[in-house]
Amino acid sequence: MVVDGNGWTPADLESVGSCPVCAGTARDRLYEGVADRLHPEHPGSWSAWRCTACATGYVDPRPTVETVGRLYKRYYTHEAGSGDDPGLPPGIRGRALAAELNGRFGYQIAGALPLGRLLASARPGGRGMASQHVRDLRAPAPGSRLLDVGCSNGWFLRRMRSLGWAVEGFEPDPVAASLAAGAGLDVVTEAADLDAMPDGRFDAITMCHVIEHAHNPVALLATCWRLLRPGGSLWVSTPNLDAAGARRYGNNWAPLDPPRHLVLFTPASLRRALSAAGFASVQRSPVTLQAGGWIHASSAALRDGMDEHAPPPLSGPDRTAARRADLAALFRASGAEEIALIATTGTLQGR
Ligand SMILES: [Zn+2]
């Protein structure tokens, strides 16, 4: 047992032994002896491996499904979400984004700036920002159902409810789930509740920075596949283990977040997981530029022994590296900090 902290006993942990995506057992060390930075009262140190066959990273040994909840006692999802509105930034930026969302995705958001699409898409990464805002979901036909898996306090569902979707959520964290329920959202909290839902119930499912928390990501994706109607779509985003920041900051790369992030993907390994779960086709969402945002700043703060949640602005070589990383991501999305994919079930399913 590698874990030596006094917050975890061997009974709290399970060994994994093989890749959660491809079941391969050949592996190299990804990191070793990294502490949980969010919960210093659980002073275990964690190790992760990288599958040599498909490049997926995974924590091993790791908390079990039963014990993992203690890692979420303090989490950013424990605050009330915003209101039932499209969630636009103030001023001209919001009006330009409205124009982009209306033009590209068919919404009818009021106040859109004439020719605002030029402004919204002219910003580097602007198309990716707009895609993220609605997770590439087109304006719904009446009655279209959306499930957000890992819906947190329901902020995204409230946004999409205001844009015409019939929304439901799944959130295992009880504090976050009760905040969502308090906003009048239908939220289930148990995996068994998802399993009990009928086949083909949803037109779309979204999963934003959730899959890396799953003990069995392929099984979760397969559940999504089953819950989607034929031709329905799954939007999934997660940190990219092949990102420039992962190379630059190593064990201090903030998205490693041990041991909450149990499985870390590359674009290719996430596609492999989606295919294994039954999805017929996979597209990439337009790239977002996040190196210059919180990811590199938090990683540099970790490296320098500072609070990663309140990092100082990037400076010097770190700032240059972040700018270079974002510029490179515009031309090579497989090196961006984040993976965002849109998978569809296909229309001919063996049901
Ligand atoms: Zn693998």
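Residue numbers restart at each chain and count upward from 1, following the sequence in its written direction. Local features in this predicted model are restricted to residues of pLDDT 70 or higher, and side-chain atom pairs are both shown and tallied only at a pLDDT of 80 or more, whereas totals for entire chains, interfaces and linings draw on every residue. Working from all heavy atoms in the structure, the side-chain values ignore hydrogens and water.

## Side note on the packing of helix H1 (residues 91-105) against helix H3 (residues 126-134)
Fitting a line to C-alpha atoms yields each axis, with helices limited to the stretch in contact; the angle taken between N-to-C directions then spans 0 to 180 degrees. Strands are runs of DSSP state E lasting at least 2 residues, helices are runs of H or I lasting at least 4, and numbering of each runs from the N terminus. Between H1 and H3, the shortest axis-to-axis distance is 10 Å and the interhelical angle comes to 75°. The pairing of H1 with H3 is recorded here as roughly perpendicular in orientation. Counting all contacts with H1, which are made through Arg93, Leu97, Glu100, Leu101, Arg104 and Phe105, the residues of H3 involved are Arg127, Met129, Ala130, Ser131, His133 and Val134. Small angles under 35 degrees read as roughly parallel and large ones over 145 as roughly antiparallel, with 65 to 115 read as roughly perpendicular and the rest as oblique. Two residues form a contact once any of their heavy atoms are found within 4.5 Å.

## Describing the pattern of salt bridges
A carboxyl oxygen of Asp or Glu within 4 Å of a side-chain nitrogen of Lys or Arg is what we treat as a salt bridge. In the structure shown here, the tally under the stated rule is 20 salt bridges. The salt bridge partner of aspartate 12 is arginine 70, with a shortest N-O separation of 3.4 Å. Residue aspartate 12 is found in the segment before strand S1 (13-14), and its partner arginine 70 is found in the loop between strand S5 (62-63) and H1; the two are separated by 58 residues along the sequence. Of the charged contacts in the structure, one is a salt bridge between arginine 226 and aspartate 199, with a shortest N-O distance of 2.6 Å. With a gap of 27 residues between them, arginine 226 in helix H7 (residues 217-227) and aspartate 199 in the loop between helix H6 (191-196) and strand S9 (202-208) connect regions that are remote in the sequence. Using a relative accessible area of 22% as the deciding quantity, one classes arginine 226 as partly exposed. Salt bridges here are not isolated pairs; linked through shared partners, they connect Glu100, Arg104, Arg117 and Asp136. Three labels apply to residues, based on accessible area from a 1.4 Å probe with only protein chains included: buried if under 20% of the type maximum, exposed if over 50%, partly exposed otherwise in between.

## A short note on the environment of proline 258
Structurally, the position occupied by proline 258 is in the loop between helix H8 (244-249) and strand S11 (263-264). The class of proline 258 is buried, set by a relative accessible area of 0%. On a C-alpha basis, the gap between proline 258 and tyrosine 58 in space is 9.9 Å, while along the polypeptide they are 200 residues apart. Apart from residues no more than four positions distant in its own chain, proline 258 is found in contact with Tyr31, Val34, Ala35, Asp36, Arg37 and Trp46.

## Concerning helix H5 (residues 174-182)
In an α-helix there are 3.6 residues to a turn, and that puts residues three or four apart on one side. Buried residues of H5: Ala176, Ala177 and Ala180, and no others. For H5, the angular spread of buried residues about the axis comes to 100°, placing them on one side. Among the exposed residues of H5, those oriented more than 90 degrees off its buried face are Pro174 and Gly182. Elements that come into contact with the buried residues of H5 comprise strand S8 (186-188). Looking one or two places after H5, you find glycine 184, whose phi comes out positive at around 80°. For this quantity, the arc is that covered by the directions from the helix axis to the C-beta atoms.

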